[in-house]
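# Observations on the model geometry
Next come the chains, spelled out residue by residue.
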Amino acid sequence: MTESSPTPAGTAGPTAPTAPDEGQASRRRPVVLALMLAMGLAALDGTIVSTAVPQIVGDLGGLSVFSWLFSGYLLAVTVTLPVYGKLSDTFGRKPVLIAGTVLFLVGSLLCAAAWDMASLIAFRVVQGLGGGALQGTVQTLAADLYPLKERPRIQARLSSVWAASSVAGPAAGGLLAGYADWRWIFLINLPVGLLALWLIHRHLVEPARREPARREQAGGEQAGGAGARGEGARGEQARTRAGGPGSKRAEPRARVRIDWAGALAIFATGALLLTALVQGGVAWPWLSAPSLGLLGGAAALGALTVVIERRAAEPIIPGWVWRRRTIAAVNLSLGALGLLMVAPTVFLPTYAQSVLGLGPIAAGFVLSAWTLSWPITAALSNRVYTRIGFRLTAVLGISLALILLLAFPFLPFPGEPWQPALLMLLLGGALGLFQLPLIVGVQSTVPYEERGTTTASVLFCRQVGQSLGAALFGAVANGVLAARLGGTGDLDALARSLDDPGSLTAEATDHLRRAVDAAVDYVYLGAAAAAALALLALLTLAPRRFPVLEEGDRRGPE
């Protein structure tokens, strides 16, 4: 299938739709609230657990493997995103979101009942299996609910949920673990999730599903740019097949075929790849037998997955996800975004504490600066891309981000806390202009029946980029420390030694801080390289004007 033709006007999107009536807006409100609650479950999960790790380890033990509390969850979310995307296109968003929320809540309840670290890690994986449905389906429904012109409104609300969670999560986790019990950080999910489930069940109404044969035909007509004219042609062809004009005899319902072999292959490939990326250089050396075995196994399973998907009638990851220039460009760009985001989220808190001498709370505020500007510029981005287009808006955002990332190594040593905080504030604004127009734009180039798969593919690439970035930049930082200090170099161990400066001389402390400063500088240069890759993907692959479909072809819930 080829991409649809752009709208005749050649603008970034179709003619602005008329404003929804008050009844339609009121029907949306409970669904939007449900989506924000569901997204809040996924957003709070990582931040609220991180501050309770000392209490969890003190109660259950397992210090050597506690990192799998996060790695196991991340792995499960990432590898299930494509599967849930395809299922939501096949069976609808509502059943997938309900099933994912139920699975997440079951995992939360099991986590609260965990009896040792191994059981808690296993139950976190169960949580992640539900979390994949939450992240992908919520983003897809956001596009279903609102026409193109209004879509930044819901996306900005979802972004504000992530921003609030990054600030409130650590505080809530610390309070619950310190003054109640760490198990409450999982039990608190239950009332929130149950309310979201009730709202989704009661208020979300999806359109009737098209027959698979008609979806394929619709795709072919949209590839030729038929748009609204295709609806009449499809209706006429259906009447002809049913027995001539005016006939009302229904066509037999085609049996839905699910590519379970492809789903299993994708899950296995992602599990091996992410395990290698997350544990390489941490649990074992990169060139050790476990790393090489996992990477080799991932490569072999990846090749097998390609063979399975090519032969499948309804593949989990269809070939058009990479054949269409727009989707391929957005996939690569958001993969690079996931990679560059590792620099501030993982390494800036260490920089703030070890180089600037801030405490954990103050370091968190330095990092949280970008969560203030990101949703604001995301909400206002429609005023930019409706004038200059999705591609140019994203190019503008990632170009600014590239400049800001390159500016970080030029900060003075040791500097003042407001300096990196200001850079983060500006970086969040730049990335808000970059990410949201790409997501909104790519969702607008596909019909309703392909939107779940498309959204899941870009989120999957961003998640893989984050895993790759954590492994790559960790190796870069440790390599710089090894060159500066001698030995193997371990950023985490060095940061812990700087937490107790009384045990070091002033000269040794200054030397170690300069080494950490240099390591983080190189990480930010790597993040700038990732931004350059995203810019290159947009300039070379993305079309000048995204091929946006007519509003009628992107039907969604009432």
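Structural notes, computed from the coordinates. (Residues numbered from 1 in each chain as written. Predicted model: local features only at pLDDT ≥ 70, side-chain atom pairs only at ≥ 80, totals over all residues. Heavy atoms only, no water.)

Between its first and last C-alpha atoms helix α11 (residues 260-279) spans 28 Å; for 20 residues at 1.5 Å apiece the expected length is 28 Å, and the two agree. Taken as a whole, α11 has its buried residues at Gly262, Ala263, Ala265, Ile266, Thr269, Gly270, Ala271, Leu274, Thr275, Ala276, Leu277 and Gln279. (Helix = DSSP H or I, 4+ residues; strand = E, 2+ residues; numbered from the N terminus. Expected span 1.5 Å × (residues − 1). Buried < 20%, exposed > 50% of the residue type's maximum accessible area, 1.4 Å probe, protein only.)

Further remarks concern the environment of Gly302. Structurally, Gly302 is set in helix α12 (residues 289-311). With a relative accessible area of 22%, Gly302 lands in the partly exposed category. Considered as a pair, Gly302 and Gly270 are 32 residues apart in the sequence and their alpha carbons are 8.6 Å apart.

On to the pattern of salt bridges. Applying the stated rule across the entire model yields seven salt bridges. Ionic pairing is found between Arg183 and Asp59, a salt bridge with its closest N-O pair at 3.7 Å. Placement of Arg183 in the loop between α6 (151-179) and α7 (184-187) and of Asp59 in helix α2 (residues 53-60) is noted, with a sequence separation of 124 residues between them. Across the salt bridge formed by Glu450 and Arg324, the nearest N and O atoms sit 3.1 Å from each other. In this pair, Glu450 sits in helix α19 (residues 448-485) while Arg324 sits in the loop between α13 (320-323) and α14 (325-354), placing the two residues 126 residues apart along the sequence. (Salt bridge = Lys/Arg side-chain N within 4 Å of Asp/Glu carboxyl O.)

Here we come to the packing of aromatic side chains. Counted under the stated rule, the structure contains seven aromatic pairs. Residues Trp182 and Phe186 carry aromatic rings whose centres are separated by 6.3 Å and whose planes lie at 90 degrees to one another, so their mutual orientation is edge-to-face. Judged by its relative accessible area of 3%, Trp182 is buried. Taking the centre distance of 4.6 Å and the plane angle of 35 degrees together, the rings of Tyr385 and Phe390 count as tilted. Look at Tyr385 and you get buried, because its relative accessible area is 1%. The ring of Tyr448 is capped by Arg93, whose NZ or CZ atom sits 4.1 Å from the centre of that ring. (Phe/Tyr/Trp six-rings, centres within 6.5 Å; stacked < 30°, edge-to-face > 60°. Lys NZ or Arg CZ within 6 Å of the ring centre and 35° of its normal.)

What follows concerns the packing of helix α3 (residues 68-91) against helix α5 (residues 117-145). Where α3 contacts α5, the axes come no closer than 7 Å and their chain directions differ by 35 degrees. The two elements α3 and α5 meet at a crossing, and its hand is right-handed. Its residues assigned to classes, the contact of α3 with α5 comprises 14 nonpolar, nine polar and one charged. (Axes fitted to C-alpha atoms, helices over the stretch in contact; angles between N-to-C directions. Left-handed = near helix turned anticlockwise from the far one by under 90°. Nonpolar A, V, L, I, M, F, W, Y, C, P; charged D, E, K, R; others polar.)

Ranked by size, the top nonpolar core spans 76 residues in total, and within it Leu340, Ile398, Leu431 and Phe434 carry the most contacts. Looking at this core, the elements that each hand over two or more residues are α13, α14, α15 (360-380), α17 (390-407), α18 (418-443), α19 and α21 (506-540). The greatest single-element share of this core, amounting to 15 residues, is contributed by α14. Those residues in contact with Phe434 that sit more than four places away from it in its chain are Ser333, Leu334, Leu337, Ala394, Gly397, Ile398, Ala534 and Leu538. Membership of the second largest hydrophobic core comes to 29 residues, among which are Ala38, Ala43, Phe104 and Val138. (Core = buried A, V, L, I, M, F, W, Y, C linked by side-chain atoms within 4.5 Å. Contact = heavy atoms within 4.5 Å.)

Here we come to the environment of Leu60. Topologically, Leu60 is positioned in helix α2. Taking the C-alpha atoms as reference, Leu60 lies 9.8 Å from Ser119; in sequence the two are 59 residues apart. Sequence-distant contacts of Leu60, that is, excluding residues within four places in its chain, are made with Ala114, Trp115, Asp116, Met117, Leu120, Trp182 and Arg183.

What follows deals with the side chain of Thr445. Within the secondary structure layout, Thr445 lies in the loop between α18 and α19. What makes Thr445 buried here is its relative accessible area of 7%. In this structure the side chain of Thr445 is engaged in a polar contact, spanning 2.8 Å, whose partner is the backbone oxygen of Val442. (Polar contact = N/O pair within 3.5 Å; in protein donor to acceptor, adjacent residues only side chain to side chain.)

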